[in-house]
Structure formats: structure tokens, C-alpha cells
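Architecture and fold: a report
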Amino acid sequence: MDACGVQASAFEQAWLEAARTFIQATLFPADKEPDKLLTQSVIDCVKETWLSQRENQDFTLPLNYSFVSVQNLKTHQRLPCCSCLSWSSNAYQAWSQGAGPGGSVLPQQQLLLLGTLTDQSGDLEQECRSGSLYVSDNTGTLDCELIDLDLSWLGHLFLFPSWSYLPPAKKNSSREGHLELWGTPVPVLPLAVSPGPLIPIPVLYPEKASYLLRYRKKHKLQEPNLAGKLVRVSALVSTQNKRYFIATLGELAEADSQVGSQVSIIVQIPAQMMWHRVLRPGRAYVLTKLRVTKIRGHHYYIWTTIPSSDLIPLRPGHVRELELDISLEADLTPLPQPTNSEDSRGQEGLVRSSKVLHYLGTVTDVLNESAGLYVLDGQLILCLAYQQIHGLRRVIRPGVRLELRDVHLLQSVGGGTTRPVLALCLHGTVLLQSFSCLQPETLPSYTVHGASLYEQLVWECQLGLPLYLWVTKMLKELALKLCPFVLRYHQFLKHSSPGNPSLALQLLAPSWDVLISPVSPIRHAHKAAHMTSCQLNRHLAWSWLCLPSCVFQPAQVLLGVLVASSHKGCLQLRDQSASLPCMPLSETSQPLTDPKLIGCLVRVEKFRLVVEREVGSSFPSWKELDMQGFIQKKKARVYVQFFLADALILPVPRATFDSESPQTDPSCPEGPHVEQSRLFLVSHKEALMKRNFCVLPGASSQPPKPTLSFCVSGTWLCGTQRKERSRWGPPESLGVENRDQKVSLIFLGPSVRWFPFLYPNQVYRLVAPGPSQTPMLFEMEGSSGTSQRPLELAGTQSCLTVQKEWTLELGSPQDIPNVLDTSKALPESSLTHLLSDKLPNSLVSFSAEILSRMLCEPPLSLCRIKPENAGAVKTGVKLTVALEIDDCEYPPHLDIYIEDPHLPPQIGLLPGARVHFSQLEKKISRSNIVYCCFRPTTSVQVLSFPPETKARAPLPHIYLAELLQSGQVPFQATTSCHIVFVLSLQILWVCAHCTSVSPQGRCSRQDHNCPAQTAISQASVRLLVEDGTAEATVTCRNHHVAAVLGLSPSQWTSVLEHARGPGRVALQFKGLGAQTESPSKTHDPLALFLRTLCASPSVLRPVKLSFALEKRPSDVTPLEPTRLQHFQCGELPLLTNVNPRLRLVCLSLQEPGLSSLPEASAASS
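Cut-offs applied
- Residues numbered from 1 in each chain as written.
- Predicted model: local features only at pLDDT ≥ 70, side-chain atom pairs only at ≥ 80, totals over all residues.
- Heavy atoms only, no water.
- UniProt positions renumbered as here; feature names shortened; annotations may be inferred.
- Axes fitted to C-alpha atoms, helices over the stretch in contact; angles between N-to-C directions.
- Helix = DSSP H or I, 4+ residues; strand = E, 2+ residues; numbered from the N terminus.
- Parallel < 35°, antiparallel > 145°, perpendicular 65-115°, else oblique.
- Left-handed = near helix turned anticlockwise from the far one by under 90°.
- Contact = heavy atoms within 4.5 Å.
- Nonpolar A, V, L, I, M, F, W, Y, C, P; charged D, E, K, R; others polar.
- Phe/Tyr/Trp six-rings, centres within 6.5 Å; stacked < 30°, edge-to-face > 60°.
- Buried < 20%, exposed > 50% of the residue type's maximum accessible area, 1.4 Å probe, protein only.
- Lys NZ or Arg CZ within 6 Å of the ring centre and 35° of its normal.
- Pairing = 2+ DSSP bridges.
- pLDDT = per-residue confidence, 0-100.

The protein has the name CST complex subunit CTC1 in an unreviewed UniProt entry, where Mesocricetus auratus is given as its organism. Taken verbatim from the UniProt record of the protein, the Sequence similarities (unreviewed entry) comment is "Belongs to the CTC1 family."

Close contact between helix 10 (residues 451–459) and helix 11 (residues 465–482) brings their axes to 11 Å; oriented N to C, the two are set at 155°. The orientation of helix 10 with respect to helix 11, classified from their angle, is roughly antiparallel. Crossing of helix 10 against helix 11: the hand is right-handed. Across from Leu453, Tyr454, Leu457 and Val458 in helix 10, the residues of helix 11 making contact are Tyr468, Val471, Thr472 and Leu475. Here the contact of helix 10 with helix 11 is built from residues that sort into seven nonpolar, one polar and no charged.

For the rest of this paragraph, the subject is the packing of aromatic side chains. Describing an aromatic ring pair means giving the distance of the ring centres and the angle of the ring planes. Under the definition given, this model contains 16 aromatic pairs. Centroid distance Phe619 to Phe630: 5.8 Å. Interplanar angle 45°. Geometry classified as tilted. Taken as a pair, Phe619 in the loop between strand 31 (608–617) and strand 32 (631–643) and Phe630 in the loop between strand 31 and strand 32 lie far apart in primary sequence, 11 residues in all. Overall, Phe619 belongs to the buried group, its relative accessible area being 3%. Chaining the aromatic ring pairs together yields one cluster made of Trp15, Phe22 and Phe67. Of note, Lys685 hangs over the ring of Phe755, and the distance from its end group to the ring centre comes to 3.9 Å. The side chain of Lys685 reaches across the aromatic face of Tyr759, ending 4.3 Å from its centre.

An order of 26-31-32-29-28-27-30-33 is seen for the eight strands of this open sheet, with the pairing classed as mixed. Looking at strand neighbours, the two that pair on one side only are strand 26 (542–548) and strand 33 (647–650), the edges of this open sheet. In this sheet, neighbouring strand axes are inclined to one another by 35° on average, regardless of whether the strands run parallel or antiparallel. As paired strands, strand 27 (residues 558–564) and strand 30 (residues 601–604) are joined by four bridges and run antiparallel to one another. Residue Leu558 lies in a different strand from strand 30, and its bridge partner there is Val604.

On to the confidence of the model for the protein, then. It should be kept in mind that the predicted coordinates are not to be read in detail where pLDDT is low. Mean pLDDT over the protein works out to 80, with 80% of the residues at or above the 70 mark. The model gives residues 328–352 a pLDDT under 50, and that stretch makes 73 contacts with residues more than four places away or in other chains. Counted against residues more than four places away or in other chains, residues 1154–1165, with its pLDDT under 50, gives 31 contacts.

So, on to the pairing of strand 5 (residues 140–146). Counting buried positions along strand 5 yields seven of seven residues, so the element is predominantly enclosed. Taking every second residue as pointing to the same face, both faces of strand 5 are buried, with Gly140, Leu142, Cys144 and Leu146 on one and Thr141, Asp143 and Glu145 on the other. Pairing analysis gives five bridges linking strand 4 (residues 133–137) to strand 5, with the strands arranged antiparallel. Counterpart to Ser136 in the pairing with strand 5 is Thr141. Adjacent in sequence and paired antiparallel, strand 4 and strand 5 are bridged by two residues. Where strand 5 and strand 8 (residues 178–181) come together, four bridges link them in parallel fashion. When the sheet's bridge partners are listed, Glu145 is paired in strand 8 with Glu180.

Next up, the structure:
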């Protein structure tokens, strides 16, 4: 026994020596003498904690435990672990049994951790405090999480008896690990106990604090103290490097915290961000030295803390109610509760049909850590995306127990999920109840990367919950398809920034844009929610995506032989595996014109991959967009665009790859073959389409089929030339009657391959291999089977079909120097000709930028349908373009329709591209709208590709009177104006299929054969506005109506739900009063509410309006003349000419000068 005691004593001495060395190295600065008293206090604290367990009576010291510093944990501990000094072995076994079957419990390491609890990371200054908690020693600082914090612990040295350490996951190696402090820390030195104030603290309770806030000018009180029971505490919000949260206090005597007077306090002092960890709903607190401040951008005031404010637990006997010489008025209605701007602008979209409750549950699965999606109790989806709780999210894993306060329960939220969803907005609170004993699972890569992208979707794109869930589901599916073989996960899910767009968002953009209003920055399903089934499926029918080469990792290089397809009339890059259509263009907006490039090897590193997608769908409404069963047809067209300057072009032997080059015709008569050629100047190229051609007698007994072909009109420049060795001989002489002879060349069959090279104002050489005894090869009559009369009408003298063995060359300057110097300008029609009611059905030419493209029903298509095919409505393509006219500051917009046989359109007709249209047919609709249509003579030349960035210039800011001036006026603009009067308001619920009014959400169609089961809301309001220079009527629709009425998303949703019952609510406003359309419904509560609201200052207010003219520039309806109007100025009658009111359509409506930040101003009372 003596030997054992001596041995134990030696072990203890060695342990003590190691402990003193560690304490001196990690707790004392190197330039100071060690404090022996503090060293002994640390050892005594460890000994006392160790002996608190009855099982540890054999040794007075934990000899099998060793001290660990913060730096050692961060650098050497690569695996998760835990340490439980104060736990017995039985306690650890009982704790680990909570892992359940198959759970991987945190391994136990025998480590002792000392450190100071602090809210500062390293040497950060006070204003940089973010509300995070750290454990620090001389070696470093480590983030930590603690279940219940006391503010008096900050800055003190503690021994942490039970804790776990989780290093960063390998996939997120850039991050640091963190500590989870399970038990209550043990102070090394006794903490000072506050004796309490010498005299009770004078406080105001919420009822009087609310009164004092309302009548702040009547009662001046310097920096009062507020006391009460904490009802709720908002999320900690971070915006532009500023942080704040809002605490709401209620009366102490109220059993239900939601009943009685409440008062809110905004906390935005950096040093007080730690209060957010301390505050617990249901407990009573005192907040000292408060002031009154105004919320910027709002009309109400709120209490706020100052740097000298304190947070004190409320103890009986330590406070007394401050007596004020006031009598509480009977109108003590609750003040408007402050909201965060992010919440009011975007998050209410997730609470449209939710129930607010408290919930206590255990996390059982992690769906997507980066997106903030988890599973609670195996049944509920938890969404934490709308709270900025980065520190708490890293703790959440299976086994963690959470208390959710003021959380929204949504039973059927959509977005691709069928389970109920618990979603926390900024008003809710997440409280950590217990840590998990499980090791972190190895999560799929798509759930680990992309945290900044998901934050961007919520805080910048302002996605509502259904759309956010749908986007996360789509991103998962895309990531599984593309990563990691095509792209790395972090590359695909990267944050989108100007000039460096996110590939993930680009892929979703075509479908996303259908759900998002193009003018509103708030990313809810505003637009799609009001679309009928037909409108929705039309918008989904065509979309496009452009992927720059820089998004492919590793970098991709296009390599192939350039060939010309005779089946599609386009250029292709081809190798042994496949072919890919391509569209090369010079940087000077000149197309590819030299046919010698056929057969060359092309290498391109900088390119853009374009995907055009067509979808045939029958979605009943936007709610079913995630159901694949409503998609009947999907088709894609993929091609590449690149500039010739970015390509390396190498000639190769012509026979190597030109598989479509025709071989010598065996039917040609034998004899010596000599190449013959003739130069011609192209004046116009017609559309590539299927045409009918006359068949020569005896050619075939089968009826002819439409053949893909095109025609080129031009002029012969000289006679036929024959090849003499390697040069062309002199041209044959022409008679006077054959000079400048007009010719029409027909390209069909294999000769269609020359379509991509032929452009107006270019000189080409037509080369024909043939027997030397064949004279006048290019003047053979009847080769095309065309009579002379059509040629005379077309202004040509001859027509020639280009044979399949003939080739094309670009004319050289040595051949015809005088012709090549002619103007290369493209034909342009004047703006007066284009936008006039004269000369309909004439041919026009112009250059324009494509603004939009969509599938539609072309004009007059129904008239062309045969009776037996009445159900088959033709589909066309509608392009909206902005004309490029010299000296035109505001380019007018025009619609161009493309229909069969011009479908599908040639590649490159994309929004943002600049295109020259030649010989379109100008039409004027019955409503006097000018539009254009493709005709067989139409030709298209792409001048430039769409820009890589889709940002457009801001709309011009104008006065309304500028729209009345003669000359060019903007079609879209912004103005600062005042809403003078509401003319009419209408809210409808209509069938998504047949648009019949749907009371109670049920279609009112009489025959009861409507297949739709969904009703959609549609709203419109007409306003009278003026800006001091002129007045205008403005029509606002759907979600813009909510902006006009000043309603939040939840309030507007409530109005729509009340209108669902009657299905139609219509108000016509006359004079100063208002009346409903149906007198029997005048006393309907909703009608009364809307009537009162429309006459209130909350609607009749100054606004910033973005608008479009109701009368488009292509509308050639005669202008409404001025009218004589009587005015009375005192006793003097006046008679003057008054201009007609402008008619505008609302694009967006904003409050003038409203700050987007929910900050409190510096002004205080």
C-alpha cells in the first residue's frame, strides 16, 4: 500500500507540474510574472469539480485528464469529440443512449478546457461586436454556443466541465470549428454577487410606457427605465454591417403574454448584441436609460437603448413603479408594432395561410444545411432561411432539441413538398434547449455548399416560401445532374454578383421569370399567381439560356470541322461523334461570308452555349408547376455563338470532312471538264423555307412536296469565265441587252448549304464544273421550270436553279474593284413610313434590338384554319423589338409575328440581340396598331449577340407634361406625382381555365363542363395622378393594387380572401364620395373598407411611379383633340383649351425617398 501511495503521489506531482506549466503558458502574458494564486485557484477548481462525483474518490486529481489550449484544439483535433469531467461513467452511458440505434455518439476525450468567456473575437473593437460568444486564452479564440448565458460571466475565467468540439467539415475547410458548452461553466475565481440597488429602481411598465411614447411632447421624461415580462424577441438582423433586434415587454400580471399592453424596444448598440443570447420569453427584465427614437421610413416612434443602458433581471423589491402626474386616456390602443423592412417587404409571403404557434421538438434529419431546411420529429419541415442565425445553424443536427416561438405552421405550402412546414420569420425566436450527442453526419455536397447563394435568394431576391422551396428543390436536381463531373459544387452554387452571374440562377431564370414580376424587386409569384391557365402555359412554352464558356470547370474547348448543313441551312461544328450548330460573327457586326472556311478546323475557347427550350404543357395554375405530369412535350435547340476573332481557324484537306459536298454527277456527258464561273452581286436574299416548285413535264409521277429552299436576287457583273490553269480567264463579251442583267437564283436541295454565306451587297462567284463543250452554262433556259411572266413581275430577266455540284466563292477585289467599293449599308425604312397609317401591306426594312420573344397565336390565324381542324390553333412566334433609328432618343417598340412556314425561326433571334430585318410586311390591325409579319421575301441578319449582362439602363425621369409635347417621347419612364383621386377599383376571382367569375372559388359556368378546379384573383385600379405639369389616368393591376392601397402582403391576401366569397367586388368613385356598382352590396364590410381606404391619405399621397404609355408608339390612332372647358376663378368665368388626359399603365409604384433599411434615426426626444 505504501508503494502504491508513493507511486500515486509521484503521478500527482507530475500532473501538477504539467498543469502549472500549461496555466502559465496559456493564461498569463509572456512579459508578466505568473500569478501563483491564480494558478492554485485553477488547480483547486479542477480538483473540486473532479471530486464532485462520488465515483472519483480514489484520486484527488483527474490524472488521466490533460489540459488543452484553444490553439491545440483548432490545429490538432481533426475529429469531433467531447469531454465530461463532471460526469460519472454511468451518466455518460445514459447520455449516449439518447443516440438511439445506429447513432454514432461523440467519442469521449479526457481533456480539460480553460478559457475566458467573451463577446469579442481577438482584438475586435467594441463597435464590431456581433452578438457571438467566444472562449479565449493566450493562444487564440474559438466560437462557442451556450444554452443559458448570464451577462455577469463575460470577461471571467472558467473551467468547462462538459463540452464538445466539432472541427470544420472537410468540404468547408475555410471555416473554423466551434465549441458546444453543455453544462454550466465553473468560475475559477468567485464571481462578484451584486447586492442590488440601495434604493429601488424607478421603472415604467408597458401601459404607461406606451402612453408616454404616444404623448411624448406633452410629458418629458429623461431616460426612463422600462420593466415588464418579455413577450417576444425578434431575430438578430444584420444589414450593411449594422445589427439590431427588437424586444417586446408585456405586463407582469397578465397570464397570457399576448394580452394587455405591450411596448417594444429596439436594441442596436454593438456592445448590447449579447443581450439577444440572454433574453428568454416569459422572464421579467428591466432595461435602463431608454430614449425615444423614430424609425426611419415609418411614421411612428419606438423606445431605444443607449450605450449606458443596462439589462437587469427583474427581482421583487428592487424596483418601484414611477409615479407620473398623468391620467390615462381611454383611447390607450396599442401602438403599431415595429417591423423589419425585410419582413414587411418579402417575408409575409410565407404566412399567407399560416398559424402562429410555439413548438418544442427534436431535429431528426438535415435536408439542406446551406438552405436552412431540416426535419423535426420526423414529420415537420423546419425552414430557418428567413433568420440570420449562422452560429446556431452549425449546431443544428439530428438530436438537437429546439424551442420555436412565434413560428408559422403552413399545412400546404406547395413548392414541391407535401409535408407541413414550420417557418420562422424575423418576428420568431429559436431557443436551443439541448445539444446533440451525435457526431455530425457526412452531408451531400449540394447541401453544404451555396450558403451565400441561398441567402441571396432570401434577402436580395426576396423569395417567398413556396418559391424558395421550389428553387431549393430545382437546385438540388440540377446539382445532382451537373456536379461534380461537369462543374464543382462550389462553382455551380456560387453567389451571384454583377459581371459574374450565378450559373445556378441562370439555369433557373427561364422558369423563374414566369413566377416573378419583371419590374418588381420583390420575388413573389406576383405575375404567375394572376395568370390564367392559357397565359401561364404560353409563357412557359419558350425559354432560352445562354452559358458563357467561363462557367465550365474545367475549361472546355470547342474543336471541330466547320461544315454547312443542306438539311437545316446553318453552319455546324462536326467531329466523328456528332455535330453542333454554330453562329460565328465578326466583332464589326459582319456575318461570315467566305465559303472557303467550309472544311476548316476550328478551335474556340471563348464561346457561348445557347439552349432554346420549347415546352408543351397544360398546367391548370401556377400552384402545379412542380408536377411533371402536366408537361406533354419538351424540345431543345442547342447551338454555340462565337466571334471569329476568338477562333483559331486552320485549313485542312477538303476531302477530309466535307461529307455534304456533292460528288460529280455521273449523269454529266463525258468529255474534258473545265470549270466555268460567273460573278454576281447579291441585292436581296429571301427567307429559308419550304416552297412548292413547278415540275417539268415527265419529271416524276409523284406529286411534288414542299422543298427547303431560298431565292437570291442579284445582278450578273460579267460574262462566263473559264478556268485557265490556276486562274480565271477573261469573261465572255456581253451584248448591250445583257449587261447588268437581273437574275434570280434558286437554291434548293444540297445547294441550301450556301444559305449562311450569302448576304446583300456582297459579290460572289458561282462555279460550275461541266464539260467544255457546254456553252452558256449559266444562261440555260427552263432550268427552273419558271415562266417568264413571274420574272417580269419580280423585275428579273432570268431565273437559274443552282445545281448541287456547283460551288460558291467570295469575289476578290482583283476581279471587280469598281463594284466592291459600293456602299455596304443595309436598307432602312424611315420612321415616318413605319409608324403611319399609310401604305399598309408594304414591305419595310429596319434594324432593331429584340426585347422579348414568346409563342403566341399569330394575327388572323383563326381565319386560316379549315373547318375540319377547328381545334388546331396555329402557333406562332411574337418578337417585340426596339427600333434603331438615327437621332431617335426614345426608340419605339414594334411587334413582329412569325408563323408557318417560317417556323422554327433561324438561330440567333434572342432577346438582347441586334437584328436587321429586310422586307417584312407592314400590317395595321383593326385597333390601328402597326405590326409586321414574315413573308417569303423576308431576310434576317443578326448584327450582334445578346449582351452578357442583362442589366438595362434605368428608365428616364420626366415630367408628365413632356408626354404632351410633339416629337419623340419615351414609351416607358418614371415620374414623381401625387395620387389625386381613385376612379375605380375591381377585384375578381375567375376560373383559371375559362375566366368565368368564380364565387367561393368555384367556376360559375352554366354548362358545368369546365375542367378547371382552380380560381385565380385579378385586381385593377384606375387612378388620377398629377405632378404639377399635367394629369394622367393610371391603370394598376394585381400586386400593384396592393402597393397603391398601401397594404402589406398579408393584408392584401386577407382582402383577396374576403373577395373570394362574392367573386367580384367593384367600386366606381364619383366626386368626393364612392358607391359600389351594386347598390344591394353597398353595406358589404369589404366594400365599406375599400371605399374608406381609397379616400384616405394613406392612398391619396405622393408616389414615385414607373409607367408605360397605354397608347403604344405603334398605335396610329389619331390623337384626341383638345377640348374647351369652363373654369370659375372667383366671379370670373374662364374658358380654355385643355389637353386630353394621358393614359398610363403602372410598371411599379414606390414611396418617394423611402429608405430600405429598418434603422432608427439618430434623433431622440
